[in-house]
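If you want the building blocks of each chain, they are given just below.
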Amino acid sequence: MRYGFDSEKYKELPPMIYVSIVNICNLDCIHCHYGTFSRQPEWKANMIPWEYWTKLCDEMGEYPWSILNLGTDGEPMVHKKFIDMMRYAKSKGIQHTNITTNGLLLQGEKAEIIAKEGLLGVVNISHDSITKEGYKKIRGGDYDRLVRNTLNFIDLRNKY
């Protein structure tokens, strides 16, 4: 079987690497597997260890075309070393780091640092609804906080 790569360089490293740095979330959305898995007796909360993160970034740093995409199994910003991790990735030459977040932790000093230092290339904030009622039904989170954090982050992005 032959695989059609867009470029020879993608044979060395794919154009995008998806990494789940946590399996923990601060919400319990109706469409997400997190709630089901986290209620299983054998489930344990995990955060990627620093040594795994540095190994990943060290290797990815050699391939500047590859995008590091965070998300899928939890809320990445829950990780206790999130800012340090993003700084390390940037220091290793990873030029494109994307995140999918529920936006509730994208606030305060963390948001300021991310915007000011340009630690993330793309920030996907999951709103899921344009109404407070719809959002509450789907995500159960604080809609007003989400909107406030989103608008504040846009202002920070524009500022820096």
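Computed from a predicted structure; not experimentally measured.

Q: Give me the lowdown on the packing of aromatic side chains, citing residues and values where you can.
A: The tally for this structure, following the rule as stated, stands at four aromatic pairs. Arranged with centres 5.5 Å apart and planes meeting at 55 degrees, the rings of Y135 and Y143 form a pair that is tilted. Judged by its relative accessible area of 0%, Y135 is buried. The aromatic ring of W50 is capped on one face by K81, whose charged end is 5.4 Å from the ring centroid.

Q: Give a detailed account of the layout of surface pockets, specifying residues and quantitative values.
A: When its volume is computed, the largest pocket comes out at roughly 290 Å³. Taken together, 21 residues form the lining of the largest pocket, with C32, T72, G74, T100 and R139 sitting closest to its centre. When residues of the lining of the largest pocket are traced back to their parent elements, those giving at least two are β2 (67-70) and β3 (96-101). Of the residues contributing to the lining of the largest pocket, the split by class is eight nonpolar, nine polar and four charged. When its volume is computed, the second largest pocket comes out at roughly 220 Å³.

Q: Which residues make up the pairing of β3, and what values go with them?
A: Taken residue by residue, a regular strand's side chains alternate between the two faces of the sheet. The sheet contact formed by β2 and β3 spans four bridges and is parallel. Paired with N69 across the bridge in β3 is N98. Between the parallel pair β2 and β3, the chain is carried across by helix α3 (residues 82-91), and the sense of this crossover is right-handed. By the bridge criterion, four bridges tie β3 to strand β4 (residues 122-125) in an arrangement that is parallel. Bridging across to β4, N98 finds its partner in V122. Since β3 and β4 lie parallel, the crossover through helix α4 (residues 108-117) that links them has a hand, and here it is right-handed.

Parameters and conventions
Residues numbered from 1 in each chain as written. Predicted model: local features only at pLDDT ≥ 70, side-chain atom pairs only at ≥ 80, totals over all residues. Heavy atoms only, no water. Phe/Tyr/Trp six-rings, centres within 6.5 Å; stacked < 30°, edge-to-face > 60°. Buried < 20%, exposed > 50% of the residue type's maximum accessible area, 1.4 Å probe, protein only. Lys NZ or Arg CZ within 6 Å of the ring centre and 35° of its normal. 1 Å grid on protein atoms, 1.4 Å probe; cavity = no way out; pocket = protein on both sides within 12 Å on 5 of 7 lines; lining within 4 Å. Points joined across faces, edges and corners; volume = space filled by probe spheres on them. Helix = DSSP H or I, 4+ residues; strand = E, 2+ residues; numbered from the N terminus. Nonpolar A, V, L, I, M, F, W, Y, C, P; charged D, E, K, R; others polar. Pairing = 2+ DSSP bridges. Right-handed = clockwise from strand over helix to strand, strands pointing away.

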